[in-house]
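This is what each chain is made of:
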Amino acid sequence: MVKFLDLAKQYQEIAPEINSAITDVIKSSAFIGGGYLEKFESEFASYQSAEYCIGVANGTDALEIAIEALDLPPGSEIIVPANSFIASSEAVSRTGHRVVFCDCNSDDYTLSLSSVESLITQTTAAVIAVHLYGHPCEMDPLLELAKKFGFYVIEDCAQAHGAEYKGHRVGAIGDVGCFSFYPGKNLGAYGDGGAITTNSEHIETRCRMIANHGRIDKYDHLFEGRNSRLDGMQAAVLSVKLKYLDEWTSRRIECAELYLKHLSCVPGLELPVRKNWAKQVYHLFVVRVADREWVQQELRHLGIQTGVHYPKSLPNLAAYDYLEQDTTKFFATQNDRYLLSLPMGEHLEGADSMRVVSSLRELLA
Ligand SMILES: *Cc1c(COP(=O)(O)O)cnc(C)c1O
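What comes next concerns the included structure.

Analysis parameters
- Residues numbered from 1 in each chain as written.
- Predicted model: local features only at pLDDT ≥ 70, side-chain atom pairs only at ≥ 80, totals over all residues.
- Heavy atoms only, no water.
- Pairing = 2+ DSSP bridges.
- Helix = DSSP H or I, 4+ residues; strand = E, 2+ residues; numbered from the N terminus.
- Near = heavy atom within 4 Å.
- Polar contact = N/O pair within 3.5 Å; in protein donor to acceptor, adjacent residues only side chain to side chain.
- Areas by Shrake-Rupley, 256 points an atom, 1.4 Å probe, with all protein chains shown as cover.
- 1 Å grid on protein atoms, 1.4 Å probe; cavity = no way out; pocket = protein on both sides within 12 Å on 5 of 7 lines; lining within 4 Å.
- Sits in = over half its atoms within 2 Å of the grid points.
- Points joined across faces, edges and corners; volume = space filled by probe spheres on them.
- Buried < 20%, exposed > 50% of the residue type's maximum accessible area, 1.4 Å probe, protein only.
- Arc of directions from axis to C-beta.
- Contact = heavy atoms within 4.5 Å.
- Core = buried A, V, L, I, M, F, W, Y, C linked by side-chain atoms within 4.5 Å.
- Salt bridge = Lys/Arg side-chain N within 4 Å of Asp/Glu carboxyl O.

**A few points about the sheet that holds strand β7 (residues 168–169)**
Each strand in a sheet pairs with another by means of backbone hydrogen bonds, the pair being arranged parallel or else antiparallel.
Then, number 1: Pairing is antiparallel across the open sheet formed by three strands, whose spatial order is β7-β6-β13. Both outer strands of the open sheet, β7 and β13 (278–279), are each paired with one neighbouring strand and no more.
Then, number 2: Judged from the two bridges that link them, strand β6 (residues 164–165) and β7 form a sheet pairing that is antiparallel. From the neighbouring strand, E164 faces β7, where its bridge partner is R169.

**Quick notes on the site of the ligand**
Then, number 1: Neighbouring residues of the ligand: 14 residues in total, closest G59, T60, D156, S180 and K185.
Then, number 2: With respect to the ligand, the side chain of Q159 contributes an N or O atom lying 2.8 Å from an oxygen atom.
Then, number 3: In the model, an oxygen atom of the ligand is placed 2.8 Å from a nitrogen or oxygen of the K185 side chain.
Then, number 4: Burial of the ligand by the surrounding chains reaches 92%, relative to a free accessible area of 390 Å².
Then, number 5: Applying the majority rule of atoms within 2 Å of the grid points places the ligand in the largest pocket.

**Observations concerning the layout of surface pockets**
Where empty space is left becomes clear once a probe the size of a water molecule has been rolled over the atoms.
Then, number 1: The computed volume of the largest pocket comes to approximately 510 Å³.
Then, number 2: Along the wall of the largest pocket there are 27 residues; nearest its centre are Q159, Y182, K185, H283 and Y310.
Then, number 3: Taken together, the elements giving at least two residues each to the lining of the largest pocket come down to α3 (59–69), α4 (87–94) and β8 (176–180).
Then, number 4: Per-element tally for the lining of the largest pocket: the top contributor is α3, with three residues.

**Focus on helix α6 (residues 139–149)**
Then, number 1: Along α6, the residues classified as buried are M139, L142, L145 and A146. Here the buried residues of α6 occupy an arc of 125° about the axis, which is enough to place them on one side. The outward face of α6, more than 90 degrees from its buried face, is lined by the exposed residues E144, K147 and K148.
Then, number 2: In this structure, the buried residues of α6 make contact with α5 (113–119), β4 (124–130), β5 (152–156) and β6.

**Observations concerning unusual backbone geometry**
Then, number 1: The amide bond that connects H309 to the next residue, Y310, takes the cis arrangement and shows omega of 5°.
Then, number 2: Note on placement: Y310 falls in the loop between α9 (292–301) and α10 (331–335).
Then, number 3: Positive phi outside glycine occurs at Y133, with the angle close to 65°.
Then, number 4: Of note in the backbone geometry, K166 takes a positive phi value of approximately 45° without being a glycine.
Then, number 5: Within the fold, K166 resides in the loop between β6 and β7.

**A few points about empty space enclosed by the protein**
Then, number 1: Across all of its chains, the model carries three cavities of 30 Å³ or more by this definition.
Then, number 2: Lining the largest cavity are L5, D6, L7, Q10, P183, G184, K185, R252, M344, G345, E346 and H347.

**Topic: the nonpolar core**
Then, number 1: Of all hydrophobic cores here, the largest spans 44 residues; its most connected members are I67, I78, F101, I128, I154 and I196.
Then, number 2: Counting only elements with at least two residues in this core, the list comes to β1 (52–56), α3, β2 (77–81), α4, β3 (98–102), β4, β8 and α7 (201–211).
Then, number 3: Of all the elements, α3 adds the most residues to this core, at six residues.
Then, number 4: With near-sequence residues (within four places) excluded, F101 lies in contact with V80, P81, A82, S89, L119, L314, P315, Y320, L323, Q325, T327 and F330.

**Some remarks on the sheet that holds strand β14 (residues 285–289)**
Then, number 1: The strand order β12-β14-β15 describes an open sheet built from three strands, whose pairing is antiparallel. This sheet does not close on itself; its edge strands, each paired only once, are β12 (269–270) and β15 (339–342).
Then, number 2: Sheet analysis places β12 next to β14, joined by two bridges and oriented antiparallel. Residue pairing in the sheet places L269 in a bridge with V289 of β14.

**Focus: the pattern of salt bridges**
Then, number 1: One pass over the structure, following the stated rule, counts 19 salt bridges.
Then, number 2: Between E349 and K9 there is a salt bridge, with its nearest N and O atoms 2.8 Å apart. One end of the pair, E349, is in the loop between β15 and α11 (350–364); the other, K9, is in helix α1 (residues 7–28), with 340 residues separating them in the sequence.
Then, number 3: The class of E349 is partly exposed, set by a relative accessible area of 45%.
Then, number 4: Owing to a relative accessible area of 33%, K9 belongs among the partly exposed residues under this scheme.
Then, number 5: One salt bridge connects R288 with E270, and the closest N-O pair in it is separated by 3.3 Å. Of this pair, R288 sits in strand β14 while E270 is found in strand β12, placing the two residues 18 residues apart along the sequence.
Then, number 6: We classify R288 as buried; its relative accessible area is 17%.
Then, number 7: In the salt-bridge network here, residues are joined through shared partners; they are E13, E247 and R251.

Written out as structure tokens, the structure reads:
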């Protein structure tokens, strides 16, 4: 069996360290706030090359809080790529703004700059740059547009821990970065977790206050915020796992290189492109294949688990029927039926990846 994800195997690799970290948190009752959280925030800020890191309850909260922290005029337009997880666009509506979908590139699947440019209006207040599948968006031209037209750039880094654009880690290249530590992400907690990264002291202060009830003292509140915490236990687990992240990322890259090498000439199979300025951390390895359902089913019979990210691009979801934006000409909205995510992760041995390769080659020969 070639698994899509194997968190139990990952745990076996680091069990003693994890167990003692969790025990320490319990013994010191550092459940909320405290030393383990502060330690992880500082380690993760430094890992992502950001001045500040604020732990929050999950990646969706990170996006909502980051957007709220920017104090945009109500009803602002925020451009979101059409292929992403719904959290990227949901956070826009939940904070009182308007989702405007843009198309994606047909090679690396991140947002298309020409599409973004064509959608900019007077009320465009931000763009959510989703570093999808672990591939960074092309940031320089996006930041130029942002400067020229006066909008913010929010990075959705939920799939891109450690990814780099031209040698810079994602998360503080734009104005603010949002991370998820959902268990299946490249850096995953043992439950929910998330973080916001930024180089702006103002944004940092705003995010911290919003996530902590607008608090300035225990029972003194400057405004109504909310409760969104990364708890001590998750922070302690994440501190342990962060030490292994580079090694796990290297294994992902090795697996991707093996796929790229051995699947390059398979008829009917299109491989993802890594731009030469990108350190792609391969949260997912997504290929395009014509008869996706059939290939997925055949692979399942051969004991190979795959996934689809995502079966419906965001504009194709019922949740966005209310938008009066015509996205039928988007590459993203036509392409969702061909996407197939191959097994990818630090759990795969070379023999596992080769089984995926040989099975695909046989099926598509
Ligand atoms: C996982 C994910 C999120 C949301 O993170 P949660 O921690 O599950 O709330 C947001 N954006 C993208 C692109 C994701 O993959």
